[in-house]
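# Observations on chain architecture
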Amino acid sequence: MKRNHLFQSVCRTMRSLPMAVPAGAYSLILLAAMLTGCSKDQLQDGETLPDGKYPMTFTASVEGITTTRATGKDAWTSGDKVAIQIDAKAAQEYSADAAGKLSCTPPMYWQNTTETHTVHAWYPYAPVKPAAVTVKADQSIAANYLASDLLEAKETTLTFTNSNLTFTHRTAKVIVNLTAGADVTLDANTTVTLMNLTAVEGGATVVTPDKVDNTYTALLAPQNCSGRKFIKVTTDGHDYYYTPKMNEANFEAGNQYTYLVTVKKTGITVTVTGATAWGSGGASISVTGKTPKSGFFSPDLKIGDFYYSDGTTSDGGYREYTDNTTATLPIIPVLKAADGTPRNVIGLVFKAGKDNSDQGDYKDRNGNTMSTIHGYVLALVDAVGYNIAWAKENYESRSSVGTSKTNNDWKGYSNCQIIKAYTQNGCT
């Protein structure tokens, strides 16, 4: 099967893009819980196990960034207390060691290789799982920051040979990356506070974030802070406030939200990256003192942005700055729409705006002529497995199809319609 020039030119364009494409599954936080004991694979189904031989201990491994404590509870610390409830009985207190092994005293034991147990777990330990999330007010204290994060492994059925627990965060992580504009100094007296919050311990409404350099991180209960003062920056004896617009501060459990805040004499400017998966690295990117060029802010459509199955897009992280440098922020897809509906990434934007040479006649999903071309998307998966060839021979040689194909041909939709009409096969 021969490929047309459009496909070839697109491939060359994508190879030249200065961007990274995330691969693999996107997860929040994973703990693989496995029973200890030897020679499990040598045991037979239904075999009775010797009493006291196979304790219900767990080995926990955590995926996530662990370079600083500001990344949240993404690694176990020796002495961490985890509550594990087995078969709806009273929760047992399990202790973690530095390697992530969870054990309790006295232990419970497996009695048979085919038995099952219903297991529910949460961190930090409490005899009863908290009904609601409540965070600490002063999270600049390490113990308070870590204690604000509630992890939960929802009730699941475990077996002797398959006992994996998946924990997720019931809090949202908020990151404020602070930079100074002209004639502004950020020093040891600079502070950032998050205001007008709910679900803070003691009925407080303000949270003091954890601070590492000029990055401030806090854990919040799920809530919508849009439409009211949210970020307060105090420096040089002045207070600056950021009031998020609709959906700029709608915090959901398990997500991470990053705000790039530049402080100027006249106020603050804020770039919102939107929701990303917890631990995706938003706190570690360094863009100090840099301002994106026009068209390369988070809300702008640009190369590298994600295109979803519901027809929407989100920021892919590519930036070009006014000092002519570039960067790709570690932003990953948001696999849920605003209403919580699941969606998949089906393509990447490789050009924003309409190309001057594109004279294609485009229509939307309803067959209406489109007045504006926002950009071009390259599908992540080839249309294989459908037994639909471009043509039995090079279609460019057929006058009924057209002869003016070049490496600058952008008319992918129009060409597809021609092929569809010629072959009487469907294409998208």
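Within every chain, residues take consecutive numbers counted from 1 along the sequence as written. Given that this is a predicted model, residues contribute local features only at a pLDDT of at least 70 and side-chain atom pairs are listed and counted only at 80 or more, while totals for whole chains, interfaces and linings are drawn from all residues. Excluded from the side-chain calculation are hydrogens and water; included are all heavy atoms of the structure.

Summary of the burial criterion: residues with accessible area below 20% of their type's maximum are buried, those above 50% are exposed, and those between are partly exposed, where the area comes from a 1.4 Å probe applied to protein chains only. Numbering of helices and strands runs from the N terminus, with a helix taken as a DSSP run of H or I at least four residues long and a strand as a DSSP run of E at least two residues long. Within strand S17 (residues 267–277), eight of the eleven residues are buried, which leaves it mostly tucked inside the rest of the structure. Pairing of strand S16 (residues 255–264) with S17 involves nine bridges; the strand directions are antiparallel. Residue pairing in the sheet places Gln256 in a bridge with Thr276 of S17. Connecting the antiparallel pair S16 and S17 is a turn made up of two residues. Two strands pair if DSSP finds at least two bridges between them.

Following Thr105, the chain continues to Pro106 via a peptide bond in cis, the omega torsion being -5°. Tracing the sequence through the fold places Pro106 in the loop between strand S4 (101–103) and strand S5 (116–123). Phi at Asp213 takes a positive value of approximately 55°, unusual for a residue other than glycine. Position of Asp213 relative to the elements: it lies in the loop between strand S10 (210–212) and strand S11 (215–220). For Asn247, which is not glycine, the phi torsion reads 65° and is therefore positive. Inspection of the secondary structure puts Asn247 in the loop between strand S14 (238–242) and strand S15 (250–251).

A few words on the pairing of S14. Along any regular strand, the residues point their side chains to alternate faces of the sheet. The pairing of strand S13 (residues 231–235) with S14 spans five bridges and is antiparallel. By the bridge assignment, Val233 is partnered in S14 with Tyr240. Hairpin connection of S13 to S14: two residues between the antiparallel strands, including Asp236 at a positive phi of 55°.

This next bit is on the confidence of the model for the chain. Chain-level pLDDT for the chain is 74 on average; 68% of the residues reach the 70-or-more range. Known as pLDDT, the predictor's confidence for each residue is given on a scale from 0 to 100. In the model of the chain, helix H1 (residues 5–15) stands out as the element of lowest mean pLDDT, 30, in contrast to strand S9 (residues 191–194), which has the highest, 97. Overall, residues 1–38 carries pLDDT values under 50, and its contacts beyond four positions in sequence, including any with other chains, amount to 104 contacts. Considering only residues more than four positions removed or in separate chains, one finds that residues 62–72, a stretch of pLDDT under 50, has 36 contacts. The contact criterion used throughout is that any non-hydrogen atoms of two residues lie within 4.5 Å.

Turning next to the pattern of salt bridges. We define a salt bridge as a side-chain nitrogen of Lys or Arg found within 4 Å of a carboxyl oxygen belonging to Asp or Glu. What the rule picks out here adds up to seven salt bridges. Notably, a salt bridge pairs Lys129 with Glu152, separated by 3.0 Å at the nearest N-O pair. You can see Lys129 sitting in the loop between S5 and helix H2 (142–147) and its partner Glu152 sitting in strand S6 (residues 151–159), a full 23 residues away along the chain. For Glu152, a relative accessible area of 8% puts it in the buried group.

We now examine the sheet that holds S10. Pairing is mixed in the open sheet, where five strands are placed in the order S10-S11-S8-S16-S17. Two strands in the sheet have a free side with no partner beyond their single neighbour: S10 and S17. The sheet shows a mean angle of 20° between the axes of neighbouring strands, direction not considered. Angles shown run from 0 to 180 degrees and are taken between the N-to-C directions of axes, each axis being a line fitted to C-alpha atoms and, for helices, limited to the stretch in contact.

Mapped onto the elements, Asn255 comes out in strand S16. You can call Asn255 buried: its relative accessible area is 15%. Separated by 3.4 Å, the side chains of Asn255 and Tyr257 make a polar contact. Dropping the residues within four chain positions of it, Asn255 is found in contact with Thr171, Ala172, Lys173, Ala275, Thr276 and Trp278. In protein, a polar contact requires one atom able to donate a hydrogen and another able to accept it; more generally it is a pair of N or O atoms within 3.5 Å, and residues adjacent in sequence count only if both atoms are side-chain atoms.

Counting through the fold element by element, Ala121 comes out in strand S5. Here Ala121 falls in the buried class, since its relative accessible area comes to 0%. Remark: the alpha-carbon pair of Ala121 and Glu155, spanning 34 residues in sequence, is separated by 7.5 Å. Once residues lying within four places of it in the same chain are set aside, the contact partners of Ala121 are Ala83, Ile84, Leu151, Glu152, Ala153, Leu165 and Phe167.

This paragraph deals with the nonpolar core. Judged by nonpolar contacts, the single largest core of 32 residues is most densely connected at Leu194, Phe230, Ile231, Phe251 and Tyr259. The contacts of Leu194, once residues within four sequence positions are left out, are Val174, Val176, Thr205, Val206, Val207, Pro209, Ala218, Leu220, Phe230 and Ile231. Throughout this description, the term nonpolar core refers to a set of buried Ala, Val, Leu, Ile, Met, Phe, Trp, Tyr and Cys residues connected via side-chain atoms within 4.5 Å. Listed in part, the 22 residues of the second largest apolar core include Leu43, Ile86, Trp110 and Phe167.

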